[in-house]
Amino acid sequence: MFQDVQKTIKDVLFSLLPVVLAVIVLQLTILRAPLEAFLLFLAGSVLVMTGIVLFLTGIKFGVLPVGRDIGAELPKRGSLWFVIIAGAILGFTVTLAEPGVMVLKNMVNTASDAYLASPLIFIIAGGVTVFIVLSLLRILLNWDMRYLLIIAYSMIIILATFTPPDLLSIAFDSGGVSAGPLTVPMFLTLGLGFTSVLARRTQFSDGFGLIGLACAGPVIGLMLWGVINL
């Protein structure tokens, strides 16, 4: 475990230190931001690195095994409704806890005087939930992923012509933030665990694809919300 934590620390430093160094160079050469703001940036960077190390460690030793075990248990129940209900609960609650979704909500709240921020997080979570359930049903019922993707993104293209321009950009951002550091490992391990106990299935063809399909959910949900509230 200690070696895994050491590797995580090295990975985080390797990823974030270049960003910090770039800002330091810009501060000393071009930006010349107030000293207080620069010191707050340095302190915040240390906190971010520490937080990411702790977060990734928790993901590796807590979320990943749980997601895999839950995914492996769902098909064993032999109940389609159990898969739908369990997948819906996981999809909704995990998305609500996703840090990127909270950041987007706060940014929208700042820019829009809260007219959209209140329902935003629930629309995103609801959209992800629907498509996570569809992804699990795809694996279970052997649906072709290509057709689901064609249908989902065709709906996005059609709805984009009717969605208000201000909401259109937020809708597409919502698809990106829903695939964050909490939802991605949870849903990936869920899909891989789900596939691992099904006969004649390969984890490459069926275990992956949940994230790509789930990202369409928030986009479609927000576009529908915009069209209805025109």
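Refer to the structure presented above.
Participant: Tell me what's going on with the pattern of salt bridges, and back it up with residues and numbers.
Facilitator: One pass over the full model with this rule turns up three salt bridges. The shortest N-O distance in the salt bridge between Asp 4 and Lys 60 comes to 3.3 Å. Remark: Lys 60 occurs in helix α2 (residues 35-73) and Asp 4 occurs in helix α1 (residues 2-31); sequence separation between them is 56 residues. Owing to a relative accessible area of 27%, Asp 4 belongs among the partly exposed residues under this scheme. Here Asp 11 ties to Lys 7 by a salt bridge, and the two come within 3.1 Å at their closest N and O atoms. In this pair, Asp 11 and Lys 7 both sit in helix α1, four residues apart, roughly one turn of the helix. Exposure remark for Asp 11: the relative accessible area of 37% places this residue in the partly exposed category.

Participant: How would you explain helix α4 (residues 99-112) if you had to name every residue and give the values?
Facilitator: For α4, built from 14 residues, the straight-helix expectation of 20 Å at 1.5 Å per residue is met to within 8% by its first-to-last C-alpha distance of 20 Å. Looking only at α4, the buried set comprises Gly 100, Val 101, Leu 104, Val 108 and Ser 112. The buried residues of α4 all sit within an arc of 100° when viewed along its axis, so they share a single face. The N-cap of α4, judged by a side-chain oxygen 3.2 Å from the amide nitrogen of Gly 100 a few residues on, is Glu 98.

Participant: Run through the environment of Pro 165, naming residues and quoting values.
Facilitator: Relative to the elements of secondary structure, Pro 165 occurs in helix α7 (residues 165-177). For Pro 165, a relative accessible area of 68% corresponds to the exposed category. Pro 165 sits 118 residues away from Leu 47 along the chain, and the two C-alpha atoms are 37 Å apart.

Participant: Go over the nonpolar core with me, naming the residues and quoting the values.
Facilitator: Core analysis: the biggest nonpolar cluster contains 23 residues, and Leu 116, Leu 120, Ile 170 and Leu 222 have the highest contact counts within it. Listed by contribution, the elements that provide at least two residues to this core are α4, α5 (117-141), α6 (145-160), α7 and α11 (216-228). Contact partners of Ile 170, with chain neighbours within four places excluded, come to Leu 104, Val 108, Leu 116, Leu 120 and Leu 222. In this structure, Ala 86, Val 94, Leu 190 and Leu 198 belong to the second largest nonpolar core, which totals 20 residues.

Participant: Describe in detail the side chain of Thr 163, supporting the description with residues and values.
Facilitator: Following the sequence through the fold, Thr 163 ends up in the loop between α6 and α7. At a separation of 2.7 Å, a polar atom in the side chain of Thr 163 contacts the main-chain carbonyl oxygen of Leu 159. Not counting residues up to four positions away in its chain, the partners in contact with Thr 163 are Leu 168, Met 223 and Val 227.

Each value, and the rule that gives it
- Residues numbered from 1 in each chain as written.
- Predicted model: local features only at pLDDT ≥ 70, side-chain atom pairs only at ≥ 80, totals over all residues.
- Heavy atoms only, no water.
- Salt bridge = Lys/Arg side-chain N within 4 Å of Asp/Glu carboxyl O.
- Helix = DSSP H or I, 4+ residues; strand = E, 2+ residues; numbered from the N terminus.
- Buried < 20%, exposed > 50% of the residue type's maximum accessible area, 1.4 Å probe, protein only.
- Expected span 1.5 Å × (residues − 1).
- Arc of directions from axis to C-beta.
- Polar contact = N/O pair within 3.5 Å; in protein donor to acceptor, adjacent residues only side chain to side chain.
- Core = buried A, V, L, I, M, F, W, Y, C linked by side-chain atoms within 4.5 Å.
- Contact = heavy atoms within 4.5 Å.

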